[in-house]
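One letter stands for each residue in the lines below.
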Amino acid sequence: MNVNAMIKEFSARFGGSPEHIFFCPGRVNLIGEHIDYNGGKVMPCAISLGTYMAVSKNKDRLLRFQSLDFSEKAELRLQESYTKTGKGWFNYPLGVINEILHDGNTISGLDMLFYGNLPVGAGLSSSASIEVITIFALKKMFGLNISEKEMALMGKKTENEFIGVNSGIMDQFAVVMGKKDKAILLNCDTLEYEYLPFETGDYILVIINSNKQRTLADSKYNERFAECGKALKALKKELDVTHLCDIDLTSFEKHRHLINDPVLEKRALHVISENFRVGEAKDALKANDLITFGKLMYASHQSLKDWYEVSGKELDTIVEFCKSYKDCIGARMTGAGFGGCAIALVKKDKLEDFTMKIVEYYNERIGYKPDVFASEIGDGVKGL
Ligand code: GLA
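Residues numbered from 1 in each chain as written. Predicted model: local features only at pLDDT ≥ 70, side-chain atom pairs only at ≥ 80, totals over all residues. Heavy atoms only, no water.

Sorry, what's going on with the pairing of strand β9 (residues 203-209) here?
Moving residue by residue along a regular strand, the side chains alternate between the two faces of the sheet. Most of β9 sits inside the fold, with seven of its seven residues counted as buried. Residue alternation in β9 divides its side chains into two sets, Tyr203, Leu205, Ile207 and Asn209 and Ile204, Val206 and Ile208, and both sets are buried. Where β9 and strand β11 (residues 341-347) come together, seven bridges link them in antiparallel fashion. Counted as the bridge partner of leucine 205 is leucine 345 from β11. One ladder, built from four bridges, connects β9 with strand β12 (residues 371-374); its direction is antiparallel. If you follow isoleucine 208 over to β12, its bridge partner there is valine 372. (Buried < 20%, exposed > 50% of the residue type's maximum accessible area, 1.4 Å probe, protein only. Helix = DSSP H or I, 4+ residues; strand = E, 2+ residues; numbered from the N terminus. Pairing = 2+ DSSP bridges.)

And the structure:
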């Protein structure tokens, strides 16, 4: 989709040219999974795929939502607040509009057309992308005083309160703050961040979509969120901490008996060890040591598989193949898990061979093919 095609589609639906076109990326998380809602550090980056939005004000006091990806449309009268309506895709932009109105801002009617080239529900943050693009559009169009951090927080609030998923801040932050060829090291407790060089030299970052439908992913995600809360509560009996990620591995070893539930103990072990790995991954990137970084990716996957139990046969099959492929130095599931995507670092000149072989390997074991594509690390939300 290019800008001209988007203008054409907009005119065909609403008449006239759109006043603005915006783009918001999706993200991959390099390492630090299921860490954001436990107050630790994560390392996401924005990718070149994402959501496009063509938009104009209207005088009809109507919010019109249309998408090139879904046939479902919505047309709602402008009012003071909204609640989630069914399961439609437009609840994401509607949720952020609701937040903007709650904050006392005034807006007019809007004609909105969305298009996304991110696979939906594949763990690349298509929902954060559509939330943030809507906030950004309204900020620009109505001169709203919303900082970048506030945009991310508003997207998270929408996800938590309007959509009903207890997700953390990572996705929205990454798609707002993304920077070309940089990974973002984000402290999810303080929202302090720094950009790290993500220079992959002879290697490229490959995304492998398992094409496994993430059924029940939201409820399992909320279950993990609750399990972490219970483990934290038990550890707090003797430890003066706010988040699981405030605990280091030595202290965890001394106090893990307090949890008294083997499942919760596994969950905490993942979180605490993964947070530690993010620190090691940061050192590896700063030292330009991609081999160590790759090993940490494999270790992260193992922990998500064994301790956090959010991987699954499909993602494990992908990572298993990557381990057996000499010119792949690291791989892991990315995002919430339960299906969705994995990422891998593969020698540039082997991409074609890697793709052919992983597709065959996966298809033989799973019964359908994955999608494999190289990804560039791009900028955050912007006007086009
Ligand atoms: C989803 C959530 C994020 C984060 C990841 C797991 O993408 O939206 O907040 O918790 O899962 O790391």
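Here the narrative resumes.
I keep staring at the pairing of strand β5 (residues 74-77) and nothing clicks. Help me out?
The pairing of strand β4 (residues 62-67) with β5 spans four bridges and is antiparallel. Within the sheet, the bridge partner assigned to arginine 64 lies in β5 and is glutamate 75. Linkage of β4 to β5, two consecutive antiparallel strands, is achieved through a turn of six residues.

Got a minute to help me understand helix α8 (residues 262-286) in this structure?
Quick reminder: α-helices carry 3.6 residues per turn. Residues three or four places apart thus point the same way. An ideal rise of 1.5 Å per residue puts 36 Å on 25 residues; α8 measures up with 36 Å between its terminal C-alpha atoms. By the N-cap criterion, in which a side-chain oxygen at the helix start approaches the backbone nitrogen of a residue two or three places on, α8 is capped by aspartate 261, the distance to valine 263 being 2.9 Å. Two residues or fewer past α8, asparagine 288 is found with a positive phi of approximately 55 degrees. (Expected span 1.5 Å × (residues − 1). Polar contact = N/O pair within 3.5 Å; in protein donor to acceptor, adjacent residues only side chain to side chain.)

Explain the packing of aromatic side chains to me, please; I cannot follow it from the model alone.
Given two aromatic rings, their pairing is described by the distance between the two centres and the angle made by the two planes. Counting across every chain of the model gives 18 aromatic pairs. Seen in terms of ring centroids, phenylalanine 10 and phenylalanine 14 are 5.0 Å apart; in terms of plane orientation they differ by 50 degrees. Their pairing is tilted. In this pair, phenylalanine 10 and phenylalanine 14 are both assigned in helix α1 (residues 3-14), four residues apart and thus about one turn of the helix distant. On the basis of relative accessibility, which here comes to 1%, the residue phenylalanine 10 falls in the buried class. Ring plane angle 35 degrees and centroid distance 5.6 Å describe the contact between phenylalanine 321 and tyrosine 325, whose orientation is recorded as tilted. (Phe/Tyr/Trp six-rings, centres within 6.5 Å; stacked < 30°, edge-to-face > 60°.)

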